[in-house]
Amino acid sequence: MSELVGLDKLSCFFDVGRGQRVHAVDNVSLSIAEGETLGLVGESGSGKSTLGKTLMGLNDKTSGSVTYRGKHLPAHYRSADFKRMATVMQMIFQDPYSSLNPRMTVGEIIAEGLRLRNGPKERVGEWLEKVGLSASHASRYPHEFSGGQRQRIGIARALIMEPEFVVCDEPISALDVSVQAQVVNLLNDLKKSMGLTMLFIAHDLSMVRYISDRMAVMYLGSIMELGKAADVYFQPRHPYTEILIASNPEPDPNAERQRLSTPIQGEIPSPVNVPAGCRFAGRCPKVMQVCREKTPPLIPLLNEDRQVACHLYSA
Ligand code: SF4
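Residues numbered from 1 in each chain as written. Predicted model: local features only at pLDDT ≥ 70, side-chain atom pairs only at ≥ 80, totals over all residues. Heavy atoms only, no water.

K.L.:
Provide a residue-level description of the overall build of the chain, including the pertinent values.
P.N.:
Counting its secondary structure elements, the chain contains 11 helices and 12 strands. The C-alpha radius of gyration computed for the chain amounts to 20 Å, which stays within 12% of the reference 20 Å derived for 315 residues, consistent with globular compactness. Its C-alpha atoms give the chain principal-axis dimensions of about 65 × 50 × 45 Å. With 315 residues in all, the chain has 50% of them scored as buried. Taking the intrachain contacts of the chain between residues at least 6 apart in sequence as the baseline, contacts between residues at least 24 apart amount to 65%. (Helix = DSSP H or I, 4+ residues; strand = E, 2+ residues; numbered from the N terminus. Rg over C-alpha atoms; globule rule 2.2 N^0.38 Å. Buried < 20%, exposed > 50% of the residue type's maximum accessible area, 1.4 Å probe, protein only. Contact = heavy atoms within 4.5 Å.)

K.L.:
Describe the pairing of strand E7 (residues 165-169), naming the residues involved and giving the relevant values.
P.N.:
Of all the five residues making up E7, five are buried; the element is thus mostly covered by neighbouring parts of the structure. Here E7 shows two buried faces, one formed by Phe165, Val167 and Asp169 and the other by Val166 and Cys168. Across four bridges, strand E6 (residues 89-92) lies against E7 in parallel orientation. Residue pairing in the sheet places Ile92 in a bridge with Cys168 of E7. Bridging between E7 and strand E8 (residues 197-201) involves five bridges; their strand directions are parallel. Of the residues in E8, the one forming a bridge with Val166 is Met198. (Pairing = 2+ DSSP bridges.)

K.L.:
Before we move on, can you summarise the confidence of the model for the chain with the specific residues and values?
P.N.:
This prediction gives the chain a mean pLDDT of 90; 94% of its residues lie at or above 70. Looking at the elements of the chain, mean pLDDT is at its lowest for helix H11 (residues 253-258), recorded as 55, and at its highest for strand E10 (residues 222-228), recorded as 98. (pLDDT = per-residue confidence, 0-100.)

K.L.:
Describe helix H2 (residues 79-86), listing the residues and the values that go with them.
P.N.:
Within H2, the full set of buried residues consists of Asp81, Met85 and Ala86. Here the buried residues of H2 occupy an arc of 130° about the axis, which is enough to place them on one side. Opposite the packed face of H2, turned more than 90 degrees from it, sit the exposed residues Ser79, Ala80 and Lys83. (Arc of directions from axis to C-beta.)

K.L.:
Talk me through the pattern of salt bridges; I want residue IDs and the actual numbers.
P.N.:
Taken as a whole, this structure holds 17 salt bridges when the rule is applied. In this structure, Arg279 and Asp26 form a salt bridge, with 2.6 Å as the shortest nitrogen-oxygen distance. With Arg279 in the loop between H11 and strand E11 (299-300) and Asp26 in strand E2 (residues 21-33), this pair connects stretches of sequence that are 253 residues apart. With relative accessibility at 13%, the residue Arg279 sits in the buried group. The partner of Glu242 in a salt bridge is Lys286, and the shortest N-O contact between them spans 3.2 Å. A residue pair is termed long-range when its members are at least 10 positions apart, and Glu242 in helix H10 (residues 239-246) and Lys286 in the loop between H11 and E11 qualify at 44 residues. On the basis of relative accessible area, Glu242 is assigned to the partly exposed category, the value being 29%. (Salt bridge = Lys/Arg side-chain N within 4 Å of Asp/Glu carboxyl O.)

K.L.:
Any chance you could break down unusual backbone geometry for me, citing the residues and the numbers?
P.N.:
The phi dihedral of Glu162 falls on the positive side, at around 50°, and the residue is not glycine. Positionally, Glu162 belongs in the loop between helix H6 (147-159) and E7. Overall, Glu162 belongs to the partly exposed group, its relative accessible area being 37%. Of note in this structure, Glu170 is not a glycine but carries a positive phi near 50°. Residue placement: Glu170 occurs in the loop between E7 and helix H7 (177-194).

If you want it as structure tokens, here you go:
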């Protein structure tokens, strides 16, 4: 499969005064193939959403680059860039409550982007039905819908643009568990029927494994492990991935009651004071002296389709 989106040493830092900077995304290189779903997981504060927004041009890039079909995207987007890219890349947001304008009808919200495509308004009803709602819902307002229905409206608003690539930024975390699977299945079906490529950001690893081809694990702005989703989930190599999976709640409540849950210890350090050496050293049960001195690079493992940033695997 050929590369659709490429990130090369991408960084996004935010100045927070007194000469301090938040290292939200730090030197990340990734390649997303056409038709692939890449899952991006990590705790809150790991930089996942900032990475998605930087990729979409919603944050300026501090350094490094993003390419789309091999062409460099701007470091700083102007409104013409957003318009040009809107029919190519779209984003589905975490919070369906705040991302929909409460003063606009659902039909107006979904039709907003159509102007850029000069698409006919009838497509709004068609898209409402595609996401499991009814064409008659177009005249209603967002507050008349449940959380799951609002996320369906958000999906219709993004996909009516017929993009090739979609960043799904925690699209299920604000939803009840009972509707999470419905929304994930809807995204999966639309992905297949439209031939989409996706970056799926979430902290529920079992859901990410279900929807993704490959999975990247992020910690404090850096990628710690990258590989096929099932391999990373069932045979994690990086100590952080191991702990993240052990602390992830089972989707089945019966299985969750039976298993020995291992809550992740300690707090993710401040991205302002990024520790020297391995970023995970302060919480890692396998820490060695070298870990506090040298940053482990993300390297491919021998005989495995996997990359890991950990001195346990250094030659
Ligand atoms: Fe743990 Fe060291 Fe590996 Fe970091 S490099 S994850 S501290 S063993």
